[in-house]
Amino acid sequence: MSQSSAPSELHFRTCNLCEAMCGLRIETSGGRVTSIRGDEADPFSKGHICPKAVALQDLHEDPDRLRQPVRRTATGWQPISWEEALDETARRLNAIQREHGKDSLGVYVGNPTVHDHGAMLFLPLLLRTLRTKNKFSATSVDQLPHHIAAYSMFGHQFLIPIPDIDHTRYMLILGANPLASNGSLMSAPGVRGRLKAIQERGGKVVVVDPRKTETARVADEHVFIRPGTDALWLFSLLHLLLEGAGAKMGRLAEFSDGLATLRELARDFTPERAEPHTGVPAATTRRIARELSASESAVCYGRVGVSTHAFGAMCQWLINVINLVTGNFDRPGGALFTKPAFDLVHGPKAISMSRGSFGRWKSRVRGLPETSGELPVAVLGEEILTEGPGRIRAMITSAGNPVVSTPNGQQLDKAFASLDFMVCIDPYINETTRHAHIILPPSTQLERSHYDLAFHVLAVRNTAKYSPPLFEPRPGSKHDWEIFLELKHRLETLRGEPRVRGELTYRALKKLGPDGILDLGLRAGPYGMRLRPFRKGLNLASLKQKPHGVDLGPLQPSLPGRLATRDRRIQLAPELMVADVQRLRQTFPEGTGASEQGSMLLIGRRHLRDNNSWLHNVPRLVSGKPRCTLMVHPEDARRLGLQEGGEALITSRVGEVRAPVTVTDEVMPGVVSLPHGYGHGREGVRLRVAGEHAGVSINDLTDDRFLDALSGNAAFSGVQVHVKPLESVRTEGQPVQSATA
Ligand SMILES: Nc1nc2c(c(=O)[nH]1)N[C@H]1C(S)=C(S)[C@@H](COP(=O)(O)OP(=O)(O)OC[C@H]3O[C@@H](n4cnc5c(=O)[nH]c(N)nc54)[C@H](O)[C@@H]3O)O[C@H]1N2
Ligand SMILES: Nc1nc2c(c(=O)[nH]1)N[C@H]1C(S)=C(S)[C@@H](COP(=O)(O)OP(=O)(O)OC[C@H]3O[C@@H](n4cnc5c(=O)[nH]c(N)nc54)[C@H](O)[C@@H]3O)O[C@H]1N2
Ligand code: SF4
Ligand SMILES: [Mo]
């Protein structure tokens, strides 16, 4: 509680740390936060929050957070003014691009960008000015397969079907642990209660995961599956669903093409053929198929564990297909599209997302295809380190920590250290930004207005909410969008681009700001000016009148109208997916089973109190037992000589790390699990609290060569590793290297 005598003020806003969009009730006094609680009156989250919400205060107050731009010098970091920092950045970037070509500049954009409407709306403007083909983002270590499936089946990368968790009677979950993550591509605050409600209405929840997760524990059934084999299992499920009476697509059949191709493809994928690879008994698969098709409504949902996967795009395609052929698509209790107030799909062109693209250009070294304007981040290291024309010599990173979050992080670490110039837009000096020549720190979450442009599109209910800034930004500080706009303007001026027009655009955009664009988008949206529930329709002013947000109703059928394919039809068997099936057959040959020749399969995990790599400097979130441990099954522990609490040396093709061991039958035999986002012990990282809970980075083990060959997305599910007890390594007299040294 507040010590000050200043009167306390009450604020309502949305937490933007994860995708759940929880409503917060924040008290402040004398310019300081005194309490953060769940907002019971928020129609979407109804009071739910998780332990991370309080981090919004801690991030704001964190003494390690940069409050002004810094420059790296021989004697350390030196604070500089915004003018100097922006001028120098623009000058260096311009000079490098002029000398070595536009593509000599690389850009990496991280996850918090999609949690900030200012950044989301202004980043594309800067990218257009930069004109580099070397654009990367956290998308290709995350949900790229979902976008490719959506683009190829429904005609738009953002037409991502959302599981109707609140009305379904059968939920089949693969590779997601929403009890830890709070849901992803399924914004659903209070997932535990929503799953329980399925059970209370007589329904069933089934989790397919190589680990018996928190979600699996509350489900009715948990099925172990060998990491990386889900596409094969989904095909066997599809085989069964198309057998006999076959598909029951109902009205969906009227605007879907490709069922015959699907039938042909699925013909030989029997559950018996899949079993030796997946480890899922054929009888279990048969029963699940029967339950799925018999249920009044059902939905299959798959997330990170089957997206960051060697067959990620195929998994997401098959999940959509399964929902379609069982008639559970575009219908309550199945998978549906949202009808967002700010429509990124069907809104006015200037403020919507592009429908997507594939293969318009290729990466220089390995020739991997572009998707929706970006290249897979797994190639970033080699694009910097491999000599030759078109090599990346300068980088911009914004709201990302790719050294820790992308595969073969050690290589990228080395690559960043070799750049001619690097600028990072980030509040912290961390594993990535320590390589910057200049760091530009944005305002904090509480100093900005907020509207979830992305997550209202991906939520289990149609809602809209605007949060005004809680605090005035410190004088002279800048928002992310302002930093983008300033850099864009300076680069254009340096290039001598049309002076008058450039100046006018700059001034207009600065005046409009993200909230001005938000207002335009809301007015143009499906609840805009003309329509209910507001007499005058929804716009920024009317939304501001509703500090807890507005409920716009449950997900509703919207097809074929909402499709974005040119013929307004669903493509059940897109060519690029069909072409990839041969790779599946080759990877998992008929009549054989798993063989890793002594290696273990590594998977990741999330903990409720982590958030990728960047909340470990919050003391309240890192207290308690160390979480960066290697989970090993008791049988494997015995065989490998590992003991609870002992240290293990884990090696892969690209690196090695050591971590304390947790022996548990939560993971399936042959599988080990390490969380991601750790590894803060690197020299030069200025995160005092995180440094005391440094852990090691799983991405020093994951492999930049282990990808979904179709999408280019990194594969983190089932990385082959060798595990040994550290003691035995010592007695063998080998030198032991710590990955954090
Ligand atoms: N092995 C393995 N690796 C993974 C995953 C996995 O499951 N396993 N998950 C992947 C997934 S799903 C994701 S999304 C990625 C995340 O990958 P990244 O986005 O690269 O990493 P984050 O850890 O989210 O880092 C966020 C950065 O943004 C900064 N930041 C926070 N707020 C702001 C802000 O408002 N403005 C600016 N400019 N900066 C800000 C933080 O200080 C931090 O440096 O990691 C991926 N990596
Ligand atoms: N607390 C917390 N919340 C977060 C985040 C965080 O870091 N911490 N990150 C946020 C982000 S950026 C994202 S994208 C979302 C992700 O949200 P989720 O997709 O729910 O992510 P995870 O909790 O990592 O769940 C992935 C599951 O996949 C399983 N898995 C691994 N390999 C395989 C496989 O081959 N097959 C199958 N079937 N399963 C597999 C893992 O065991 C794990 O249980 O979470 C968001 N929310
Ligand atoms: S679940 Fe996500 S949105 Fe809700 S309080 Fe936690 S971090 Fe914030
Ligand atoms: Mo993510």
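Treat the numbers as computed from the prediction; the structure is a model and nothing was measured.

What counts and how
- Residues numbered from 1 in each chain as written.
- Chains lettered and ligands numbered in written order.
- Predicted model: local features only at pLDDT ≥ 70, side-chain atom pairs only at ≥ 80, totals over all residues.
- Heavy atoms only, no water.
- Helix = DSSP H or I, 4+ residues; strand = E, 2+ residues; numbered from the N terminus.
- Rg over C-alpha atoms; globule rule 2.2 N^0.38 Å.
- Buried < 20%, exposed > 50% of the residue type's maximum accessible area, 1.4 Å probe, protein only.
- Contact = heavy atoms within 4.5 Å.
- Near = heavy atom within 4 Å.
- Polar contact = N/O pair within 3.5 Å; in protein donor to acceptor, adjacent residues only side chain to side chain.
- Areas by Shrake-Rupley, 256 points an atom, 1.4 Å probe, with all protein chains shown as cover.
- Nonpolar A, V, L, I, M, F, W, Y, C, P; charged D, E, K, R; others polar.
- Domains from an automatic or database assignment.
- Axes fitted to C-alpha atoms, helices over the stretch in contact; angles between N-to-C directions.
- Parallel < 35°, antiparallel > 145°, perpendicular 65-115°, else oblique.
- Left-handed = near helix turned anticlockwise from the far one by under 90°.
- Pairing = 2+ DSSP bridges.
- Buried area = accessible area lost by both parts, 1.4 Å probe.
- Salt bridge = Lys/Arg side-chain N within 4 Å of Asp/Glu carboxyl O.
- Core = buried A, V, L, I, M, F, W, Y, C linked by side-chain atoms within 4.5 Å.
- Phe/Tyr/Trp six-rings, centres within 6.5 Å; stacked < 30°, edge-to-face > 60°.
- Lys NZ or Arg CZ within 6 Å of the ring centre and 35° of its normal.

K.L.:
Mind laying out the overall build of the protein, listing which residues take part and the relevant values?
P.N.:
A tally of helices and strands in the protein yields 23 helices and 30 strands. The C-alpha radius of gyration computed for the protein amounts to 25 Å, which stays within 12% of the reference 27 Å derived for 741 residues, consistent with globular compactness. A principal-axis box enclosing the C-alpha atoms of the protein has dimensions of 75 × 70 × 60 Å. Taking all 741 residues of the protein together, the buried fraction comes to 62%. Nonlocal contacts in the protein, meaning residues at least 24 apart in sequence, comprise 74% of its contacts between residues at least 6 apart.

K.L.:
How would you sum up the site of ligand 2? Please name residues and give values.
P.N.:
Close to ligand 2 lie 32 residues; Ser-181, Asp-209, Asp-230, Asp-610 and Asn-612 are nearest. At a separation of 2.7 Å, an oxygen atom of ligand 2 approaches a polar side-chain atom of Ser-181. Note that an oxygen atom of ligand 2 is positioned 2.8 Å from one of the backbone N or O atoms of Gly-228. Looking at the shell around ligand 2 element by element, the count peaks at three residues for helix H5 (residues 178-181).

K.L.:
Report on the site of ligand 1, specifying residues and quantitative values.
P.N.:
Around ligand 1, the structure places 29 residues, and the nearest of them are Tyr-108, Asn-111, Asp-426, Asp-480 and Ser-613. Between an oxygen atom of ligand 1 and a main-chain N or O atom of Ala-399, the distance comes to 3.4 Å. Residue Ser-405 places a main-chain N or O atom 2.7 Å away from a nitrogen atom belonging to ligand 1. Protein burial of ligand 1: of its 920 Å² of free accessible surface, 97% is covered by the chains. Tallied by class, residues from the shell around ligand 1 come to 13 nonpolar, 11 polar and five charged. The two domains that each donate at least three residues to the shell around ligand 1 are domain 2 (70-142 + 345-545) and domain 4 (594-731).

K.L.:
Give a description of the packing of helix H3 (residues 117-130) against helix H16 (residues 480-494) that names residues and reports values.
P.N.:
Following both chains from N to C, one finds H3 and H16 inclined at 15°, their axes separated by 8 Å at the closest point. Taken together, the axes of H3 and H16 lie roughly parallel to each other. The hand of the H3/H16 crossing is left-handed. Here Gly-118, Ala-119, Phe-122, Leu-123, Leu-125, Leu-126, Thr-129 and Leu-130 of H3 lie close against H16, whose contacting residues are Asp-480, Trp-481, Phe-484, Leu-485, Leu-487, Lys-488, Leu-491 and Glu-492. Of the residues belonging to the contact of H3 with H16, the class tally is 11 nonpolar, two polar and three charged.

K.L.:
If you had to explain the pairing of strand S10 (residues 204-208) to someone new, which residues and values would you point to?
P.N.:
Each regular strand displays side chains that alternate between the two surfaces of the sheet. With four of its five residues buried, S10 lies for the most part within the structure. Of the pairings in the sheet, the one linking strand S9 (residues 170-174) to S10 comprises five bridges and is parallel in character. Bridge assignment links Ile-173 to a residue of S10, and that residue is Val-207. The pairing of S10 with strand S11 (residues 221-223) spans three bridges and is parallel. When the sheet's bridge partners are listed, Val-206 is paired in S11 with Glu-221.

K.L.:
Give me the sheet that holds strand S7 (residues 135-137): which residues, what numbers.
P.N.:
Strand order in the open sheet formed by seven strands is S5-S4-S19-S18-S17-S6-S7, and the pairing between neighbours is mixed. Pairing within the sheet leaves two strands with one partner each, and these edge strands are strand S5 (76-79) and S7. The sheet shows a mean angle of 20° between the axes of neighbouring strands, direction not considered. Where strand S18 (residues 421-425) and strand S19 (residues 438-440) come together, three bridges link them in parallel fashion. Paired with Ile-425 across the two strands is Leu-440, which belongs to S19.

K.L.:
With reference to specific residues and values, describe the domain arrangement of the protein.
P.N.:
Partitioning the protein into structural domains gives domain 1 (3-61), domain 2 (70-142 + 345-545), domain 3 (160-336 + 567-584) and domain 4 (594-731). Inter-centroid distance (C-alpha atoms) of domain 2 to domain 3 is 34 Å. The partner domain 3 presents 16 residues to the nine residues of domain 2 that form the contact. When domain 2 packs against domain 3, close to 910 Å² is buried across both sides, 58% of that on carbon and sulfur atoms. Together, Asp-142, Leu-458 and Val-460 form the three largest contributors to the area buried by domain 2 at its contact with domain 3, with a combined 67%. Put simply, domain 2 and domain 3 have one salt bridge between them. Put simply, Arg-303 and Asp-142 hold a salt bridge, and the shortest N to O gap is 2.5 Å. Applying the counting criterion to the domain 2 and domain 3 interface returns five residue pairs in polar contact (both at pLDDT 80 or more). When grouped by side-chain class, the residues that make up the side of domain 2 that touches domain 3 number seven nonpolar, one polar and one charged.

K.L.:
Describe in detail the nonpolar core, supporting the description with residues and values.
P.N.:
The tendency in soluble globular proteins is for nonpolar side chains to be buried as a group. Core analysis: the biggest nonpolar cluster contains 148 residues, and Phe-154, Leu-172, Trp-233, Phe-235, Leu-238, Trp-317 and Leu-440 have the highest contact counts within it. In terms of nonpolar packing, the next biggest core, distinct from the first, is built from 30 residues, Val-377, Ala-415, Phe-416 and Leu-419 among them.

K.L.:
Account for the sheet that holds strand S13 (residues 299-302), naming residues and giving values.
P.N.:
Strand pairing in a sheet takes place through backbone hydrogen bonds and is either antiparallel or parallel in direction. Pairing within the open sheet is parallel, and its four strands lie in the order S11-S10-S9-S13. Of all the strands in the sheet, just S11 and S13 have a single pairing partner and so form its edges. Neighbour-to-neighbour, the strand axes of the sheet open up by a mean angle of 15°, direction not taken into account. Here helix H8 (residues 230-242) sits on the sheet and contacts S9, S10 and S13; the angle it forms with S9, its principal contact strand, is near 150°. Sheet strands touched by helix H11 (residues 282-294): S9, S10 and S11. Its angle to S9, the strand with the most contacts, is close to 135°.

K.L.:
Just give me the short version of the packing of aromatic side chains, but keep the residues and values in it.
P.N.:
Applying the stated criterion to the full structure yields seven aromatic pairs. Centroid distance Phe-122 to Trp-481: 4.8 Å. Interplanar angle 45°. Geometry classified as tilted. Of the two residues, Phe-122 is situated in helix H3 and Trp-481 in helix H16; the sequence distance between them amounts to 359 residues. You'll find Phe-122 and Trp-481 in the same group, each marked buried. Over the ring of Trp-82 we find Lys-478; its NZ or CZ atom is 5.8 Å from the centre of that ring.

K.L.:
Describe the packing of H8 against helix H9 (residues 259-266), naming the residues involved and giving the relevant values.
P.N.:
The contact between H8 and H9 brings their axes to 9 Å, and the two run at 115°. Like other packed secondary-structure pairs, H8 and H9 cross with a definite hand, here left-handed. Contacts from Phe-235, Leu-238, His-239 and Leu-242 of H8 reach H9 at Leu-259, Leu-262, Arg-263, Leu-265 and Ala-266. Here the residues of the contact of H8 with H9 are counted per class, giving seven nonpolar, one polar and one charged.

K.L.:
Residues and numbers for the pattern of salt bridges, please.
P.N.:
Two side chains that carry opposite charge are able to pair once their charged atoms sit near each other. Within this structure, the stated rule accounts for 53 salt bridges. Taking the shortest distance from any N to any O, the salt bridge between Glu-387 and Arg-391 comes out at 3.7 Å. The exposed category is assigned to Glu-387, whose relative accessible area is 61%. By sharing partners, the salt bridges in this structure join Arg-366, Glu-382, Arg-653, Asp-703, Asp-704 and Arg-705 into a single network.

K.L.:
Go over unusual backbone geometry, please, and point to the residues and values.
P.N.:
With an omega of 5°, the peptide bond between Leu-559 and Pro-560 qualifies as cis. Considering the arrangement of structural elements, one finds Pro-560 in the loop between strand S23 (550-554) and strand S24 (570-571). Positive phi, normally seen in glycine, also occurs at Met-21, with a value near 60°. Among the secondary structure elements, Met-21 is positioned in the loop between strand S1 (8-14) and strand S2 (23-29). According to the relative accessible area criterion, Met-21 is buried, its value standing at 3%.

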